[in-house]
Structures are given as structure tokens and as C-alpha cells.
Amino acid sequence: MSPDLELAADRRLLGRTSTVERLADILRSRITEGFFAPGERLAEDSIGTALGVSRNTLREAFRLLTHERLLVHELNRGVFVCKLTVEDLIDVYRVRKLVECGAVRGLDGHPPDVGNMAEAVAQGDEAMRAQDWRALGTANMMFHQGVAALAGSPRVDELMRGVLAELRLHFQTMADPRRFHEPYLERNREILAVIETGDGQAAERLLHKYLDDSEHQLVEAYRAAG
């Protein structure tokens, strides 16, 4: 499906309650799904037409996402998806460790609701069967959104949505997405099994090692691209 047709399918999400914030949510979700690549120019006319929104509304949404470091406005050139640095990557992982490890650390021995995480693992399995590596990356994003949701905080959920959108831009530096994402699907499954028992300390140990390994791989990819 072409990019414009995919965005046109999102018009139903706007409906009568079309707002700048909802439009920003849609574009942020598309970034998280790997729909837009780092450095890609976002064409106002085609995106506005596909989503059925005015240029002013779209520009306001772009401004919101610029404040979130997902987009950048270049004078006389337009709006582009951010190209992030290795320093940005390290900071993103610093936040992830604080948020995700903190969320599982708070488990008190009682099995939490893991429906969202279990669904994300199932979506990852389906993406593997279809050899759809972009979808596998998206399933991974949704798994970690579910981990953060264990904190039971709408503010944490909102923070994590922005963090994961930034993270997806970093993921696109990996030359071989299958080799990068595939091992983490099984590790997601392992972490999920521990979280299901309510053992926060064991889950935190697994998750912290997982995040360290992922960060190291991405940092090495940046340095190799040099």
C-alpha cells in the first residue's frame, strides 16, 4: 500500500473530533511503526490530503512533534523526520532504564495484567512468520509500551510513547533488521513469563541486561556508520 493510502486509512481515527493533538498522535504512531525514515521530508500537501486536514492544523501538529524531537523544521526547505545522534540514543536508553526497570521493580508478587504484552509477543510471532521485519519492530515497541504501563501512570504512558517513537528512528540505523529484532522477541517472551509471576526483582534483572545489550548494539551500529 502506498504511503498516501496508508495515511488516508488513518482519517477515520480523526473523525469529527479532529484536533491537533490527535493528528500528532497519528503521526507519532506512524513514526513508531517505522512508516517514516530519519531524514525524510514530510510533504504537507500529500499528508494533509491523505488525512483530510487543513494546512494550519497539520503545521500545528508538526510543531508539537518538533518539540518532541521527532521532527525538525529547516528554513525554506520544510519539515523533516529527525536524524538522531549517538548521544540522543544513549539518553533515550537512560530514560528507558529509569522508566521500564522502575515499572517492573514496583511489582509486589501479585501477577499483573499482562494482556498488552502478551498480545505484542503474539504479534511478533506473526510478523516473524510473515518475515515482516518492520512489523516485528513495531511489536517490540508495543511490548515495551506494555512494560511501562505496569507503572499505572498516564504520564508515564505518554512519556513512553514519545520515547519509543524516538527509539524507532534509532532502530532504522540497523542494516539487518531481522538479525537485530529476532533475538529480542524470545527475550520479550522470557521477560513476560517472569512478569506474569509478579517477581519484580527477577524481571528487572532480565530487563536491565536486555536494555544494556540493545543499547550496545545500536551504539556500535552508529560507530560503524561513522
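A. Focus on the layout of surface pockets. Size it by volume and the second largest pocket reaches roughly 260 Å³. Together, 13 residues line the second largest pocket, and Glu 44, Arg 59, Phe 62, His 73 and Val 79 are the ones closest to its centre. Sorting the residues of the lining of the second largest pocket by element identifies strand 1 (41–42), helix 4 (44–51), helix 5 (55–67) and strand 3 (78–81) as the ones contributing at least two each. Examining the composition of the lining of the second largest pocket, we find that 5 residues originate from one element, helix 5, more than from any other. Residue classes in the lining of the second largest pocket are distributed as 3 nonpolar, 3 polar and 7 charged.

B. The environment of Gly 48, seen in detail. Along the chain, Gly 48 falls in helix 4. Each C-alpha atom of the pair Gly 48 and Phe 180 lies 34 Å from the other, and the pair is 132 residues apart in sequence.

C. Molecular detail of the nonpolar core. If you look at the biggest cluster of nonpolar residues, it comprises 64 residues, and the most contacted ones within it are Leu 27 and Ile 195. Sequence-distant contacts of Ile 195, defined by excluding residues within four places in its chain, comprise Val 104, Leu 107, Pro 112, Val 114, Met 117, Leu 150 and Ala 203.

D. Examining the packing of helix 4 against helix 5 more closely. Where helix 4 contacts helix 5, the axes come no closer than 10 Å and their chain directions differ by 110°. It follows that helix 4 is roughly perpendicular to helix 5 by the angle criterion. Judged by residue contacts, Glu 44, Asp 45, Ile 47 and Gly 48 of helix 4 engage Arg 55, Leu 58, Arg 59 and Phe 62 from helix 5. A class-by-class count of the residues in the contact of helix 4 with helix 5 yields 3 nonpolar, 1 polar and 4 charged.

E. Just the sheet that holds strand 3, in detail. Spatially, the 3 strands line up as an open sheet ordered 1-3-2, and their pairing is antiparallel. Each end of this open sheet is capped by a strand with a single partner; those strands are strand 1 and strand 2 (71–74). As paired strands, strand 1 and strand 3 are joined by 2 bridges and run antiparallel to one another. Note that in strand 3 the partner of Arg 41 across the bridge is Phe 80.

F. Main features of helix 11 (residues 200–225). Along its 26 residues, helix 11 runs 37 Å from first to last C-alpha, staying within 8% of the 38 Å computed at 1.5 Å per residue. Between the side-chain oxygen at the start of helix 11 and the backbone nitrogen of Gln 201 there is a gap of 3.4 Å, and the oxygen is on Asp 199.

G. Layout of the pattern of salt bridges. Here the structure, examined in full by the defined rule, presents 21 salt bridges. Here Arg 77 ties to Glu 74 by a salt bridge, and the two come within 2.3 Å at their closest N and O atoms. The closest approach of N and O atoms between Arg 96 and Glu 100, which form a salt bridge, is 2.8 Å. Residue Arg 96 and its partner Glu 100 are both found in helix 6 (residues 86–105); the two are separated by 4 residues, about one turn of the helix. Here Arg 96 and Glu 100 have matching classes, each one buried.

H. Local environment of the packing of aromatic side chains. The full count for this structure, using the stated rule, is 4 aromatic pairs. With a centroid separation of 4.7 Å and 80° between ring planes, the pair formed by Phe 35 and Phe 36 is classed as edge-to-face. Taken individually, Phe 35 and Phe 36 each receive the classification buried, so the pair is uniform in this respect. Taking 4.9 Å as the distance between ring centres and 70° as the angle between the ring planes, the aromatic pair formed by Tyr 184 and Tyr 210 counts as edge-to-face. With a gap of 26 residues between them, Tyr 184 in helix 10 (residues 177–197) and Tyr 210 in helix 11 connect regions that are remote in the sequence. Both residues of the pair, Tyr 184 and Tyr 210, belong to the buried class.

I. View of the packing of helix 10 against helix 11. Two numbers describe how helix 10 lies on helix 11: the axes approach to 9 Å, and their chain directions differ by 165°. As judged from the angle between their axes, helix 10 and helix 11 are roughly antiparallel. With respect to the hand of their crossing, helix 10 and helix 11 are arranged in left-handed fashion. Taken together, the residues of helix 11 that come into contact with helix 10 (itself represented by Phe 180, Tyr 184, Arg 187, Asn 188, Glu 190, Ile 191, Val 194 and Ile 195) are Ala 202, Ala 203, Leu 206, Leu 207, Lys 209, Tyr 210, Asp 213, Ser 214, Gln 217 and Leu 218. Of the residues that constitute the contact of helix 10 with helix 11, the class distribution is 11 nonpolar, 3 polar and 4 charged.

J. Quick look at empty space enclosed by the protein. For the structure on display, the rule yields 2 cavities of 30 Å³ or more. Its boundaries defined by the atoms lining it, the largest cavity holds a volume of some 60 Å³. As for the largest cavity, its lining consists of Ala 120, Val 121, Gly 124, Leu 136, Ala 139, Asn 140, Phe 143, His 181, Leu 185 and Asn 188. Its residues assigned to classes, the lining of the largest cavity shows 6 nonpolar, 4 polar and no charged. In this structure, the second largest cavity encloses a volume near 40 Å³. Lining the second largest cavity we find Tyr 93, Arg 96, Asn 140, His 144, Phe 171, Phe 180, His 181, Tyr 184, Tyr 210 and Ser 214. Every element with two or more residues in the lining of the second largest cavity is listed here: helix 6, helix 8 (133–149), helix 10 and helix 11.

About the criteria used
- Residues numbered from 1 in each chain as written.
- Predicted model: local features only at pLDDT ≥ 70, side-chain atom pairs only at ≥ 80, totals over all residues.
- Heavy atoms only, no water.
- 1 Å grid on protein atoms, 1.4 Å probe; cavity = no way out; pocket = protein on both sides within 12 Å on 5 of 7 lines; lining within 4 Å.
- Points joined across faces, edges and corners; volume = space filled by probe spheres on them.
- Helix = DSSP H or I, 4+ residues; strand = E, 2+ residues; numbered from the N terminus.
- Nonpolar A, V, L, I, M, F, W, Y, C, P; charged D, E, K, R; others polar.
- Core = buried A, V, L, I, M, F, W, Y, C linked by side-chain atoms within 4.5 Å.
- Buried < 20%, exposed > 50% of the residue type's maximum accessible area, 1.4 Å probe, protein only.
- Contact = heavy atoms within 4.5 Å.
- Axes fitted to C-alpha atoms, helices over the stretch in contact; angles between N-to-C directions.
- Parallel < 35°, antiparallel > 145°, perpendicular 65-115°, else oblique.
- Pairing = 2+ DSSP bridges.
- Expected span 1.5 Å × (residues − 1).
- Polar contact = N/O pair within 3.5 Å; in protein donor to acceptor, adjacent residues only side chain to side chain.
- Salt bridge = Lys/Arg side-chain N within 4 Å of Asp/Glu carboxyl O.
- Phe/Tyr/Trp six-rings, centres within 6.5 Å; stacked < 30°, edge-to-face > 60°.
- Left-handed = near helix turned anticlockwise from the far one by under 90°.

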